[in-house]
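An overview of the molecular structure
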Amino acid sequence: MQVLDCDNLVIGSGLAGLMTALRLGRHSRVILATKKAADESNTAYAQGGIACVIDPDDRLEEHVRDTLGAGAGLCREPVVRALLAEGADRIRELEAWGVRFERRAGREEEYDLGQEGGHSRRRVLHAGDMTGRELIRALLQQAEACPNIEIRPELMAIDLVTTGWLRRPGPNRCVGAYLLDRRSGAVLAIRAGHTVLATGGAGKVYLYTSNPDVATGDGLAMAWRAGLPILNLEFVQFHPTCLYHPEAKSFLVSEAVRGEGGVLVNAAGESFMEKYDARGSLAPRDIVARAIDQEMKTRGDSCVYLDITRRSEKFLRRRFPNIYATCLKFGIHMAREPVPVVPAVHFFCGGVEAGTDGRTQLPGLSACGEVACTGLHGANRLASNSLLEAMVAAHRTAETILAAGSSSRAAREEIPPWQSGAAVPSDEGIVVEHNWNEVRTVMWDYVGIVRTNRRLERALRRIRNLRREIREYYLDYLITPDILELRNIADVAELVIRSARRRRESRGLHYTLDYPQPDSSRPAQETRIQDPPGGAVTDRLD
Ligand code: SIN
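Read on for an overview of the structure. (Residues numbered from 1 in each chain as written. Predicted model: local features only at pLDDT ≥ 70, side-chain atom pairs only at ≥ 80, totals over all residues. Heavy atoms only, no water.)

For the pair helix α1 (residues 15-24) and helix α11 (residues 385-404), interaxial distance at closest approach is 8 Å and the crossing angle is 30°. In this view, α1 runs roughly parallel relative to α11, as classed from their interaxial angle. Read as a crossing pair, α1 and α11 show a hand that is right-handed. Two secondary-structure elements touch here, α1 through L15, A16, M19, T20, R23 and L24 and α11 through L387, A390, M391, A394, H395, T397, A398, E399, I401 and L402. Of the residues that constitute the contact of α1 with α11, the class distribution is 11 nonpolar, 3 polar and 2 charged. (Axes fitted to C-alpha atoms, helices over the stretch in contact; angles between N-to-C directions. Helix = DSSP H or I, 4+ residues; strand = E, 2+ residues; numbered from the N terminus. Parallel < 35°, antiparallel > 145°, perpendicular 65-115°, else oblique. Left-handed = near helix turned anticlockwise from the far one by under 90°. Contact = heavy atoms within 4.5 Å. Nonpolar A, V, L, I, M, F, W, Y, C, P; charged D, E, K, R; others polar.)

Following this line, the structure appears as structure tokens:
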């Protein structure tokens, strides 16, 4: 088995991974491993932008208030203050790296700031409606030019390697990871003084998601299997407006469209959001997604519509070039007719427990970006706060690792060759395909926008059976990227269900008919799941 050595291993090439690698790469040797092409990540699909107090008329206090309001009593306020306050510095750094944010026509010194749900004012920096692509373009260019960063695409992490798992004496620490080379099928190990999980989200746990195929919760599942605590996983954010079209694969129609005057209407053309919230179509996402769900169920409709026909074609083409062109590709002329939309899973507010500096409970391992839960989002993320968190936390993560100095201990640990045992190549690909669909359908049907105890029980039983089957498959056959992703989505699915079962109230993104109100008898609690390393299937009930 090939063993590669580096000072720091960064897993994931979205905004968090690239920014961490760039900063670490100034002073240390970095391997940036990413499971597909380096430019493929959740970030790359981000449309809206980065929320940041940058307008002289804006106030940090207002952004803090909006964030806490969306988070429904569960944000960690010191974290909110710390992360939001550093936004402007990081934006300047991104610009120094070549990122271009939109400026106002004829007033180049001013940013063209977007408006999104839950924000009391315009504060979202964007690059048209393809902000993520612009971030990745510029940062990847920098990373490719950095002599200390080795970018390794098509390398999919399998599991973290810890001294506990290696049965070494002394305190447990992470010393690297096993990874599968997708091109050759070989397993290799990367030994690192420090490992950073920047693997993004897990939208693929659900049948319908705005996330790309890579979002399979790999880092979350690996961290949980390594025995790390996972926080607040019941708070799964549904984006209210994904394009409803059989071939559109839940293409996102940015919240910025509502920010520019788009109004949600039902099939009868009636604006309905006012019935649910005084902020109308620009209420926070949990409220809008639930209202759409309710409207569709009450009327028996399969979608609602986003009407932006009040804006001119010229404006829409300039402000939303990607959305405009995509709608047109599917025969929808957004300047002339309302766009059919439905909610789909978009973002995981919970994740691996981590500080704003990426620190986790396991020495040698940090986590930042969507895979981590710092406490910024609480029970519901405010729009465009995630890229803000990714860039600030990535910076802090790298600074903290550099300040601690790279440990040479990891490099001395002998990592045993990957054991395939009696595993044989699979001739049962159909099992993976079937279980993949089943996990995602169970989650969509029973652990969606509106939950109940019975649905959660049913989902837990099914997911546990599936996990048993997947585990057998994982042990019997040589591993492939598909089985690794299936194992990860199934692990994350169970964690979401277990977290949801523990929350006996409705709060933010977790809404259950059995407890329709927040529990006001005690302060809001975070949900924390931590199991012994190994990730074995058990019948433990929380
Ligand atoms: C959007 O453009 O609506 C997505 C922005 C976000 O999820 O923060």
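Here the narrative resumes.
Y206, F348 and M443 are the most contacted members of the largest nonpolar core, which totals 81 residues. Ranked by residues supplied to this core, first place goes to helix α15 (residues 481-502) with 11 residues. Ignoring sequence-local partners within four residues, the contact set of F348 consists of A202, G203, V205, Y206, L233, F235, V236, E370, V492 and V496. L22, V64, V79 and A198 belong to the second-largest nonpolar core, a separate cluster that totals 52 residues. (Core = buried A, V, L, I, M, F, W, Y, C linked by side-chain atoms within 4.5 Å. Buried < 20%, exposed > 50% of the residue type's maximum accessible area, 1.4 Å probe, protein only.)

A few words on the side chain of H395. The residue H395 is located in helix α11 in this model. Once residues lying within four places of it in the same chain are set aside, the contact partners of H395 are R23, E86, R90 and E93.

The next subject is the site of the ligand. Lining the immediate environment of the ligand, one finds Q47, G48, E116, H239, L252, S254, E255, R285, H346, R381, A383 and S384. Out of a free accessible area of 260 Å², the ligand has 93% covered by protein chains. Its residues placed into classes, the shell around the ligand shows 2 nonpolar, 6 polar and 4 charged. (Near = heavy atom within 4 Å. Areas by Shrake-Rupley, 256 points an atom, 1.4 Å probe, with all protein chains shown as cover.)

The 4 strands are arranged β18-β16-β11-β19 in an open sheet whose pairing can be described as mixed. On the outer flanks of this sheet lie β18 (372-373) and β19 (528-529), each paired with one strand and no other. Strand direction decides the pairing type here: strand β11 (residues 230-231) and strand β16 (residues 351-353), joined by 2 bridges, are antiparallel. Across the sheet, residue L231 finds its bridge partner in β16, namely G351. Helix-sheet contacts for helix α6 (residues 218-225) involve β11, β16 and β19, and the interaxial angle to β16 is about 40°. (Pairing = 2+ DSSP bridges.)

Moving on, we get to the sheet that holds strand β12 (residues 236-243). Read across the open sheet, the 4 strands follow the order β12-β15-β14-β13; overall the sheet is antiparallel. Each edge of the sheet is formed by a strand with only one pairing partner; in this case those strands are β12 and β13 (263-265). Within this sheet the neighbouring strands show an average axis-to-axis angle of 45°, counted without direction. With 6 bridges connecting them, β12 and strand β15 (residues 339-348) associate as antiparallel partners. The residue bridging F238 from the neighbouring strand is V345, located in β15.

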